[in-house]
Structure formats: structure tokens, C-alpha cells
2 protein chains.
Amino acid sequence: MSTRITRLSVRDIRFPTSAGLHGSDAIHKDPDYSCAYVTLETEVSGLAGDGIAFTLGRGNEICVAMIEALREIVIGRTVEDIFANMHEFWMALANDGQLRWLGPEKGVLQFAVAAIVNAIWDLRAKQAGKPLWQLLADMSPDELVDCAELSYVEDALTPDEARALLASHASGKAARAEELRSVGMPSYTSSAGWLGYSDDQVRSLVREYRATGWSAFKMKVGVDIEAEQARAALIRSEIGADGRLMVDANQVWSVDRTIECMRRLAPFDVLWIEEPTHPDDILGHARIAESVAPIGVAVGEVISNRVVFKQFMQAGAMSFCQIDSCRLGGVNEVLTVLLLAAKFGIPVCPHAGGVGLCEYVQHLSAFNYVAIAPSLDRVMIEYSDHLHEHFVDPVVMRDGRYQLPKAPGYSITMKPDSLVAYEFPNGSAWQGA
Amino acid sequence: MSTRITRLSVRDIRFPTSAGLHGSDAIHKDPDYSCAYVTLETEVSGLAGDGIAFTLGRGNEICVAMIEALREIVIGRTVEDIFANMHEFWMALANDGQLRWLGPEKGVLQFAVAAIVNAIWDLRAKQAGKPLWQLLADMSPDELVDCAELSYVEDALTPDEARALLASHASGKAARAEELRSVGMPSYTSSAGWLGYSDDQVRSLVREYRATGWSAFKMKVGVDIEAEQARAALIRSEIGADGRLMVDANQVWSVDRTIECMRRLAPFDVLWIEEPTHPDDILGHARIAESVAPIGVAVGEVISNRVVFKQFMQAGAMSFCQIDSCRLGGVNEVLTVLLLAAKFGIPVCPHAGGVGLCEYVQHLSAFNYVAIAPSLDRVMIEYSDHLHEHFVDPVVMRDGRYQLPKAPGYSITMKPDSLVAYEFPNGSAWQGA
């Protein structure tokens with residue numbers, strides 16, 4: 001039996017979040033969390049897969065157009081054929097002879113590849129009646145390695161090494177899944193520390209989140225270091241010596257400026273500095289990592305592909321690995337980065353927030369703990385309390401921890417009413433905006 | 001007096017080059033050379049600037065859409081205000097708070113920024129009545145450094161160093177311009193070595209180009225090393241010991257495979273291996289450079305921005321610097337890379353061919369020689385004999401050398417008839433295709 005993909009549709013969905021300065025940081029001052037929302041329909045009635053490209057608003061239409069440009073590569077294939085030769089499918093999307101010039105493996109093209117590839121995984125998980133993390137955890141090392149995109153990383157990780165790593169953790173998988181089912185997965189929140197918030201707003205949000213179970217908080221920096229020292233002091237005084245505090249500069253500093261600013265923030269016991277400088281500057285991050293230790297360097301939400309992740313790890317430039325579920329080329333390439341992180345002993349703390357990112361990454365972190373990297377030491381998933389109400393199977397948080405998803409699929413399917421109301425520019429949410 | 005930009009228009013222009021396998025290589029098997037063609041009109045009647053984003057066909061419409069998305073950042077500004085604060089203008093385009101998520105500084109967004117920024121330079125040069133290279137060569141070190149985008153490269157090159165470098169070569173500028181005017185600029189051709197060509201085709205093209213004055217040839221590799229050894233032998237026997245032979249793998253090899261293949265091609269006295277592996281793998285290229293010396297590593301046509309160029313140079317991973325005029329963020333960022341290359345002592349051999357790239361880069365190489373790096377040692381501009389007939393002021397080749405452009409502007413303006421005939425999908429060239 002085979003399941004043919006018969007239709008690809010894609011919608012421009014945007015939420016007017018900029019009104020409340022949610023998501024404001026040193027460089028993204030007014031994001032409208034948005035996504036290009038792709039649905040792959042099959043010849044089996046009711047069986048479809050959904051995927052998204054997350055964006056900050058303007059330009060969402062460009063992702064929609066790029067997904068449209070990839071349509072012909074997808075339509076007519078069967079899910080079974082795709083999973084029988086994932087490398088060929090991934091390369092067909094990511095390395096089309098004409099379109100690849102627009103990347104390669106980066107930017108809008110990689111976003112579109114990811115949206116489609118993730119929709120395929122959603123479809124496969126729904127077909128199997130399993131949440132995505134479980135589908136992955138139930139796959140054999142051979143099957144997983146066949147799906148991981150390992151080209152151009154063989155100097156850091158060979159397929160045989162990847163298989164051996166997966167096989168070495170096979171025996172404890174059921175027990176670790178049971179553990180997560182019982183106590184959930186650790187998280188931190190970035191919802192209390194946006195730059196646009198006042199001190200009073202931050203203080204009251206930190207208290208609110210602490211009362212609900214969170215003990216790890218991230219604040220934005222990069223605009224006014226004196227004010228940010230004061231804010232770090234405020235948060236540290238609220239969370240006590242046991243709480244975790246991270247800071248995020250969203251790429252605005254130079255290497256030297258980072259080292260200077262982190263010297264000034266060090267007294268507040270900072271766990272990591274996130275995105276201190278230009279995200280492509282691997283060698284610069286390596287110098288920062290050496291200079292600011294024991295404070296770690298967290299990076300990854302705008303790293304385009306496995307080859308750049310590989311080098312960050314090889315160069316000692318990454319202390320915390322922040323995969324982005326929509327920027328890497330879908331689950332296939334995320335698998336590669338999870339395997340690399342395990343090989344290099346780097347904790348994976350996925351980028352989340354926005355719209356749909358929390359829903360996606362909970363599966364990746366659960367699978368990573370169950371099958372690839374069986375330790376929760378310094379592992380946390382980012383959490384932001386925005387827009388979950390639009391999902392059919394939203395994240396469930398308890399005591400500041402992600403609860404293990406149970407419904408079949410990759411949890412990214414949105415409610416039909418939300419898709420209608422927030423479609424840009426004609427949905428009701430955008431009338432009069 | 002100020003010159004306000006009043007209109008931005010953009011067209012989808014494509015040439016059906018895939019029919020003849022021109023441009024075929026190991027990874028781009030059927031390019032249709034294309035461009036998103038942008039025109040900025042001003043309130044001065046007849047004064048406009050043109051710019052292009054070069055693509056391989058499919059996806060050209062995505063570049064058109066991205067340029068449209070940037071329109072509001074450009075319209076209403078004056079040319080004079082833009083040149084009075086180029087850094088602010090460049091950042092407004094490249095780092096828009098919402099659009100930058102789709103890059104940052106890479107892929108489709110960077111292509112669109114480049115097309116617009118280059119149109120501004122074309123406009124400025126036409127306004128000044130000078131070819132672009134001359135406009136640049138006549139600017140003072142302070143003016144040039146104000147236009148070069150030097151953010152995030154200060155660890156390799158400070159503004160003061162850049163000014164000093166430019167000042168140190170000021171005295172010989174007129175003589176070097178005169179030299180170029182008299183003898184032109186050296187080039188090599190890639191037009192004889194496409195993968196899709198037969199041996200007979202290659203032999204007869206090499207003879208034809210040699211008869212016209214060329215002595216440096218590039219051939220494509222990366223598919224069948226035995227066949228490529230034979231082809232290298234064929235070309236070397238045609239061009240003699242004094243001719244230059246370069247090979248280009250278009251990213252298909254791993255690091256180890258590159259080292260092995262170059263061992264097999266070394267007997268044919270190869271000057272450089274171009275794009276041996278994944279273009280983002282700086283550390284991999286560094287290992288290749290160390291292993292294949294004295295053969296050089298040439299790279300750059302798909303390097304997205306100055307920060308990645310900087311690291312290739314810092315890591316010793318680049319022996320020849322192949323700037324791409326449409327992928328880097330316009331003249332502003334090209335200036336940065338030219339200055340970095342001069343600091344690191346790396347010859348600049350721009351990527352050209354396609355459509356319009358030869359027309360663009362001749363200006364960059366001329367300016368580089370006159371004002372930044374006064375040596376032609378191992379300096380060559382790529383040349384392909386395609387599509388020049390569509391330009392109002394096309395390149396002029398004599399004895400295998402680029403002749404110095406004379407007309408005002410950046411030489412990218414296309415003939416009105418060509419714009420009409422090749423507009424996709426409704427132009428006459430695409431009827432029945």
C-alpha cells in the first residue's frame with residue numbers, strides 16, 4: 001500500500017504581536033509572529049501533514065512563494081517512497097539545480113525546505129498514530145541514520161559513528177520515555193525579559209512565572225549596558241542564588257564589546273550569553289567562548305545548516321546548542337545536529353517561542369533525551385507564553401515543565417478558525433489594522 | 001539640490017540558456033540565466049539607476065518579490081542623503097527588524113539588498129557622468145570608508161587601517177588607470193570547459209579562445225575523475241606549459257575526496273581548485289588549502305557576506321578571492337571584501353559569466369587595481385561569452401582582456417527590446433517554451 005501526496009497548499013498566517021512589544025529585542029523591535037503554513041494532502045481521505053516556516057511578519061509572503069516553487073518536487077510522490085530514500089528527497093528539495101543558487105542551504109530556501117520536510121514527518125507520524133518524538137524513538141539506528149542528512153559532516157561524524165551512538169543508548173529508551181511522561185521536560189522562559197517591558201512589568205512577570213514553577217529566566221541585552229546591569233540585578237534578586245539567569249544580545253555586539261559587557265554582567269551569575277555577535281562569525285564566537293568562560297556561549301537560532309553547526313562545535317565556539325526547528329532543513333537536518341551535539345557533549349536547548357516553535361521543539365527534545373543524549377544536565381527548552389491557543393494540540397506546561405505530547409503528529413496543526421481569522425491580509429484579525 | 005527616488009520597478013527577466021547546456025556543471029545541470037531587474041527612477045527626468053539579482057531561473061520570481069518587499073525603505077529618499085549616511089541606508093535594507101529573520105545577510109534577502117544598492121551606485125555614477133570604477137577611484141579614503149560596510153569585521157580590519165591602506169596607494173592612481181585604459185585587464189574563460197560539452201567541442205573552443213588572445217582556461221570537474229583527468233590532459237596539451245588551467249568542482253566533493261582528486265589532477269599543473277566542497281565549510285577549506293598546496297583554493301561566488309569572507313581569510317582557507325557582485329550586499333559590502341583581501345594579500349578574481357556579471361565586475365576589478373591593490377599578479381576576471389548583446393554598454397574584450405568601461409554608470413542597463421522579449425513568462429522568447 002502506498003500513500004500518494006496529491007495536493008500542496010500554503011497560507012500566509014500572521015499575528016499582530018507587535019502591538020504589545022512581545023518579542024522585542026535589540027534588533028527585532030516589532031515582530032508580528034507569522035508563518036507560511038503548508039498542508040500536504042494525500043489520496044487517503046483525512047490524512048494530511050502540516051508544516052510551518054516561522055517568520056517575523058514582512059516577508060512571510062516570500063516564504064509562501066518559495067514553498068510554491070517547490071511544489072512540483074513533492075506532488076505525486078508517495079510517503080513510503082520518500083521514507084525509503086530520504087537523502088534523495090531532501091537533496092531534491094534543498095539542491096534543485098536552479099533554486100539552490102538562492103541558498104544554498106540557507107535563508108528563504110532552507111525555510112521552505114524545512115516547512116515541507118516537517119509536513120512530511122507530521123504526515124508520517126499521523127499515519128503511524130504516534131506523536132513525532134515516539135515515531136523517532138521507535139526507529140532503529142539504521143533507519144534514523146538513513147533519515148539524517150549526513151553529507152558534508154563526515155569529518156566530524158561518520159554514519160557508522162552515528163549508528164554506534166544510537167545503538168549504545170537503545171536499552172534505556174523505554175525507561176527514559178516513562179520518566180519524561182511522569183515529570184516532563186525542563187524549560188526556561190524568555191517571556192519575562194523582553195526589552196520593551198518596564199521594570200515593574202518584568203518584576204511582576206518573574207514573580208508570576210516563579211509561582212507557576214519556573215526557576216530559569218532569560219533577559220534581552222544589547223542596548224544600554226548600565227540599564228541591563230540593573231535589570232540583571234533585579235531578576236537575580238527575585239530568583240535567588242539557585243535560579244538560572246541567561247542573557248541574549250541578539251547579535252548586536254562586536255567580539256570585544258561582548259567580552260567587556262559580559263565582564264560587567266558576570267557578577268549576576270549568568271549561565272550563558274546568547275547570540276553575542278554576528279551569527280556567521282564562528283571564529284569570533286570561539287574567541288568569546290574562551291574569554292567569557294565559565295559563562296557559556298549559546299547560539300543556533302539563526303544558524304542555517306548542519307555544516308555551520310559542525311564548525312561551531314569543532315571550533316569550541318558553542319557551549320549550548322540552540323537548534324531552530326524551522327530554520328534547519330526539517331527533522332532530517334535536526335537529527336544530524338542532535339547527533340553532532342551528542343558527539344561533542346554539548347547540551348541542546350532549542351530555540352522556541354514565536355508561533356509554533358514550542359509545539360515543534362518539545363518533540364525534538366524528548367526524542368533527543370530518549371534516544372541520543374540521555375542526560376538532562378543543563379538541558380532546557382525555551383518557553384514563551386504566546387499564541388498556543390491557536391493549535392489543535394498545544395504544548396502543556398506543568399510546574400514550569402513541558403509535558404510529553406501524546407497526540408499523533410508533530411503538534412503543528414492549527415485550528416481552522418485561527419487559519420481563517422489570521423490569514424494575511426484578508427483575515428478578520430487584519431481588518432482595520 | 002537633491003535627487004529624490006520616486007519609483008522602484010522590478011521585472012522578471014529570463015534567458016532560456018538551458019537548451020544548449022551552457023553553464024552546466026556538477027551541480028547546476030540546466031541553468032536558465034536570469035535576473036530580477038530593478039530600476040530606480042528619480043524626480044529628475046531621464047535619471048534612473050538599474051540593478052540586478054542574478055539567478056539560474058526558477059526562483060527568479062522570489063527575488064522579484066523580495067525587492068518589492070524592500071520598496072518602502074527606498075522610495076522618498078534622496079541620493080544625496082543616502083550617500084551622506086550609507087551605513088544607515090545599508091542597515092535599513094539588510095537589517096529590517098522583520099525581514100532580517102529571513103537572512104540575516106544571506107540568501108534571497110541579500111540578493112535583493114544587492115540589486116537595490118547596486119542600482120543606487122549606478123544612479124550615482126550616471127549622475128556624476130562617470131563609469132562606476134572611476135566614481136569610486138575619485139573618492140577620498142574617508143568617503144570610501146564611509147561607504148564600506150565595516151561592521152563585524154573590526155577584528156580583521158579597522159576603519160583607520162582601511163583609510164591608511166587607501167591613502168598609501170593614492171599617488172599612483174592616475175598612472176594605473178592610464179595603464180588599464182591602454183592594455184585592459186587580464187581575464188580567463190570558463191566558456192570552453194562546461195561539463196555538458198564533448199571533447200571535440202572543448203578542443204575547438206580552446207583553440208578558438210586561444211586564437212582570440214586567451215591563455216587561461218577553467219574546466220568543470222566533480223562527476224567522473226577519470227574523464228576529468230583526460231580532459232585536463234587535453235586542455236593542457238592545447239594550451240602548452242605557459243597556459244593557465246583551473247578546475248571547478250562546484251561544491252560536490254568532501255574534504256577527503258577533494259584531496260584525493262587534486263592529487264590526481266596535480267600532474268596537469270592546476271592553478272586552483274574552485275569550490276571543492278560545501279561552501280559554508282570554512283574549516284574544511286582550510287584543511288584542503290593546507291593539503292593541496294601549491295595548488296590554490298578559489299572560493300567566494302556563493303559566500304553570502306563580509307563576515308564569512310573575513311573568516312575564510314583569517315583561517316587561511318582562501319587563496320583566490322572570488323567576489324560575486326550580486327550575492328554580496330552591493331558595492332558597499334564588496335568594498336569591504338576588497339579591503340580585506342588587500343590586507344591579507346589575496347588576489348581578487350571575481351566570479352562572472354551568467355548574465356550581467358561580467359558587466360558588473362569589470363568595474364570592481366578596475367577600481368581594486370587603481371585604488372586598493374596595485375598588483376595584477378595572479379589577478380584575472382572570469383569571462384563567459386554569453387548574453388552580452390542584451391546590454392546597452394556591454395563588456396569589450398580585446399586580446400583576451402577586458403577593456404576599461406567608459407560610459408557613465410555600472411554597465412548593467414539592458415536594452416529595452418531585450419527587457420520586453422525576455423520578460424518571464426509573457427515575453428516573446430518564452431512563447432511556446
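Just so you know, these numbers come straight off a predicted model, no measurement behind them.

Of the regular secondary structure elements, chain A holds 17 helices and 12 strands. For the C-alpha atoms alone, the extent of chain A along its principal axes is close to 60 × 55 × 45 Å. Among the 433 residues that make up chain A, the fraction classed as buried is 58%. For chain A, the proportion of contacts with a sequence separation of at least 24, taken over those separated by at least 6, is 75%.

We now examine the domain arrangement of chain A. Residues and elements named next belong to chain A. Taken domain by domain, chain A comprises domain 1 (5-131 + 419-430) and domain 2 (167-416). Each of domain 1 and domain 2 has a C-alpha centre, and these two points are 23 Å apart. Between domain 1 and domain 2, the residue contacts involve 39 residues of the former and 37 residues of the latter. Taken together, the elements giving at least two residues each to the side of domain 1 that touches domain 2 come down to β2 (34-42), β3 (48-55), α4 (86-94), α5 (107-128) and α17 (416-421). If you tally residues by element for the side of domain 1 that touches domain 2, the top one is α5, at 11 residues. Its residues assigned to classes, the side of domain 1 that touches domain 2 shows 22 nonpolar, 10 polar and seven charged.

The next subject is the interface of chain A and chain B. Counting residues at the interface gives 48 residues for chain A, matched by 48 residues for chain B. Elements with a contribution of two residues or more to the side of chain A that touches chain B: α1 (60-69), α5, α13 (282-292) and α14 (306-314) of chain A. Top element by residues in the side of chain A that touches chain B is α1 of chain A. It accounts for five residues. When its residues are assigned to classes, the side of chain A that touches chain B shows 22 nonpolar, 16 polar and 10 charged.

Most of helix α14 (residues 306-314) of chain B sits out of view: eight of its nine residues are buried. Residues of α14 of chain B that are buried sit in contact with α13 of chain A together with α13 (282-292), β8 (296-299) and α15 (330-344) of chain B. Positive phi appears at G316 of chain B, one or two residues downstream of α14 of chain B, with a value of about 65°.

Before going further, it helps to examine the relation of the copies chain A and chain B. Its rotation angle being 180°, the transformation that places chain A on chain B also includes 0.0 Å of axial translation and leaves an RMSD of 0.0 Å. On the angle and the small slide along the axis, the relation comes out as a two-fold axis. Judged by C-alpha distance, G107 of chain A is the residue of chain A that lies nearest the rotation axis, at 2.5 Å. Looking at chain A, 100% of its interface residues are interface residues in chain B too, so the copies touch through the same face.

Below, the discussion takes up the sheet that holds β3 of chain A. All names here are of chain A. Taken together, the three strands give an open sheet; going across it, the order is β1-β2-β3, and neighbouring strands pair in antiparallel fashion. The open sheet terminates on both sides in strands that have one partner only, identified here as β1 (5-14) and β3. Recorded for the sheet is a direction-independent mean angle of 15° between the axes of neighbouring strands. The pairing of β2 with β3 spans eight bridges and is classified as antiparallel. Residue pairing in the sheet places E41 in a bridge with A48 of β3. Against the sheet, α1 contacts β1, β2 and β3, and its axis sits at roughly 175° relative to β1. In the packing of α5 onto the sheet, the strands contacted are β2 and β3, and the crossing angle to β3 comes to about 150°.

Glancing now at the sheet that holds strand β2 (residues 34-42) of chain B. Where strands meet in a sheet, backbone hydrogen bonds hold them as pairs that are either parallel or antiparallel. Residues and elements named next belong to chain B. In space, the three strands of this open sheet follow the order β1-β2-β3, with antiparallel pairing throughout. If you trace the sheet from one side to the other, it starts and ends with β1 (5-14) and β3 (48-55), each paired once. Strand-to-strand twist of the sheet, defined as the mean angle between neighbouring strand axes without regard to direction, takes the value 15°. Relative to the sheet, helix α5 (residues 107-128) contacts β2 and β3, its axis offset from that of β3 by approximately 150°.

A few words on the packing of α5 of chain B against α15 of chain B. All names here are of chain B. Between α5 and α15, the least distance of the axes is 6 Å, while the angle of their chain directions is 95°. When the axis of α5 is compared with that of α15, the two are roughly perpendicular. For the pair α5 and α15, the contacting residues are V113, A114, V117, N118 and W121 in the first and G330, V331 and N332 in the second.

The next thing to look at is helix α12 (residues 255-265) of chain A. Where α12 of chain A is concerned, the buried positions are V255, T258, C261, M262 and L265 of chain A. The arc enclosing the buried residues of α12 of chain A, seen along the axis, measures out at 125°, which places them on a common side.

Of all hydrophobic cores here, the largest spans 309 residues; its most connected members are A112 and I116 of chain A together with A112 and I116 of chain B. In contact with I116 of chain B, other than residues within four places in its own chain, are V38, G51, I67, L70, V74 and L93 of chain B.

Checked against the element boundaries, E226 of chain B lands in helix α11 (residues 225-239). Measuring from C-alpha to C-alpha, the distance between E226 of chain B and K173 of chain B comes to 47 Å, with 53 residues separating the pair along the chain.

The rules we used
- Residues numbered from 1 in each chain as written.
- Chains lettered and ligands numbered in written order.
- Predicted model: local features only at pLDDT ≥ 70, side-chain atom pairs only at ≥ 80, totals over all residues.
- Helix = DSSP H or I, 4+ residues; strand = E, 2+ residues; numbered from the N terminus.
- Buried ≥ 20, exposed ≤ 12 C-beta atoms within 10 Å, placed from the backbone.
- Contact = placed C-beta atoms within 7 Å.
- Domains from an automatic or database assignment.
- Nonpolar A, V, L, I, M, F, W, Y, C, P; charged D, E, K, R; others polar.
- Least-squares fit on C-alpha atoms with pLDDT ≥ 70 in both.
- Pairing = 2+ DSSP bridges.
- Axes fitted to C-alpha atoms, helices over the stretch in contact; angles between N-to-C directions.
- Parallel < 35°, antiparallel > 145°, perpendicular 65-115°, else oblique.
- Arc of directions from axis to C-beta.
- Core = buried A, V, L, I, M, F, W, Y, C linked by C-beta atoms within 7 Å.

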